[in-house]
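# Breakdown of the fold
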Amino acid sequence: MARIISWNVNGLRAALRKGALTPLARRSPDVLCLQEVRAREEEVGRVMRLLPFQCFAAGRRPGYSGTAIFSRTAPISWSVGMDHRVSDDEGRVTTAEFSSLYVVSVYVPNSRHGLPRLALRLRWDRAFREYVRGLARRKPVVFCGDLNVAHQEIDIARPRDNRMNPGFTDRERRSFSRTLEAGFLDTFRTLHPDERDRYTWWRIASGSREKNIGWRIDYICASEALRPRLRKAFILDAVKGSDHCPVGIELEGKL
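What counts and how
- Here the residue numbering is sequential within each chain, running from 1 through the sequence in written order.
- Totals for whole chains, interfaces and linings use all residues, but because this is a predicted model, local features are given only for residues with pLDDT of at least 70 and pairs of side-chain atoms are given and counted only at 80 or more.
- The basis for every side-chain value is the complete set of heavy atoms in the structure, and neither hydrogens nor water enter the calculation.
- Every helix listed is a DSSP run of H or I at least four residues long, and every strand listed is a run of E at least two residues long, numbered separately from the N terminus.
- A helix is expected to reach a length of 1.5 Å times the quantity of its residues less one.
- Throughout this description, buried means an accessible area under 20% of the type-specific maximum (1.4 Å probe, protein chains only), exposed means over 50%, and partly exposed covers the range between.
- Note on contacts: a residue pair is in contact if any heavy atoms of the two residues lie within 4.5 Å.
- One speaks of a salt bridge when a side-chain nitrogen belonging to Lys or Arg is within 4 Å of a carboxyl oxygen belonging to Asp or Glu.

### Topic: helix α7 (residues 170-181)
Taking 1.5 Å per residue, 12 residues should reach 16 Å; α7 reaches 16 Å between its end C-alpha atoms and fits that length. When α7 is considered as a whole, its buried residues turn out to be Glu172, Arg173, Ser175, Phe176, Ser177, Thr179 and Leu180. Backbone geometry just downstream of α7 places Gly183 in the positive-phi region, at approximately 115°.

Dropping the structure here:
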């Protein structure tokens, strides 16, 4: 069984100071994908003191964005970026190739309050869609991370209040639908189609986590070809240390 866990840590150095990664160590993931690491590659390598991982990081600007992949086994290859200026300048995509699949850690740009970056974000979505489709022509793909969109009303606590806010605009939701229609599964909804009140992000200032007023914007998506191997998809909402919580899947067989 291959276990993959993904988490937007909202700053890796702070997460390490809090000991936030310790609960994940106990779960023994085969692959750990992180987003918003905001650290240099050598700083990201500190995670290997907690877990016997090999580390591949895409953080380009300390204090800003950044993604990372940690693996228990050495991948065949790894790459940073997807030939897109925003992605590559901000360290938003890291890819590792294994024998049976690719794993991509991704941090999708936020459209921001007032939607000044909506057009950029939609262009980025199209570029990323083509990137993972290209990978999938060679072997199945698992892409995971903070996708900055609540896809359906079931994925957000207050859909009416947030309609047209960044992360819940019609255009962002349709864009994510097109990505799934390109041959990918939302693994959590595949196994839990009707499960409500399961969120991965909560606003810090409002006490919304205690009230579970959240959004499900962190995903693990997989090629349709991996559906027969998908055994579990889960949200670790009891794990603290960030305004996001980890998500994970288990696949039958090896990476």
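Following the structure, the description resumes.
### A look at the side chain of Thr200
Tracing the chain through its elements places Thr200 in the loop between α8 (187-191) and β10 (201-202). Judged by its relative accessible area of 0%, Thr200 falls in the buried class. Excluding anything up to four places from it in sequence, Thr200 contacts Trp215, Arg216, Ile217, Asp218, Ile235, Asp243, His244, Cys245 and Val247.

### Comments concerning the pattern of salt bridges
The final tally for this structure, using the stated rule, is 15 salt bridges. A salt bridge links Asp125 to Arg121; its shortest N-O distance comes to 3.1 Å. Taken as a pair, Asp125 and Arg121 lie in helix α5 (residues 118-136) at a separation of 4 residues, close to a single helical turn. Looking at Asp125, the relative accessible area reads 9%, which means it is buried. The class for Arg121 is buried, based on a relative accessible area of 2%. Several salt bridges share partner residues, and in doing so they unite Asp155, Asp186, Arg189 and Arg216 into one network.

Any functional reading would require information that these geometric values do not contain.
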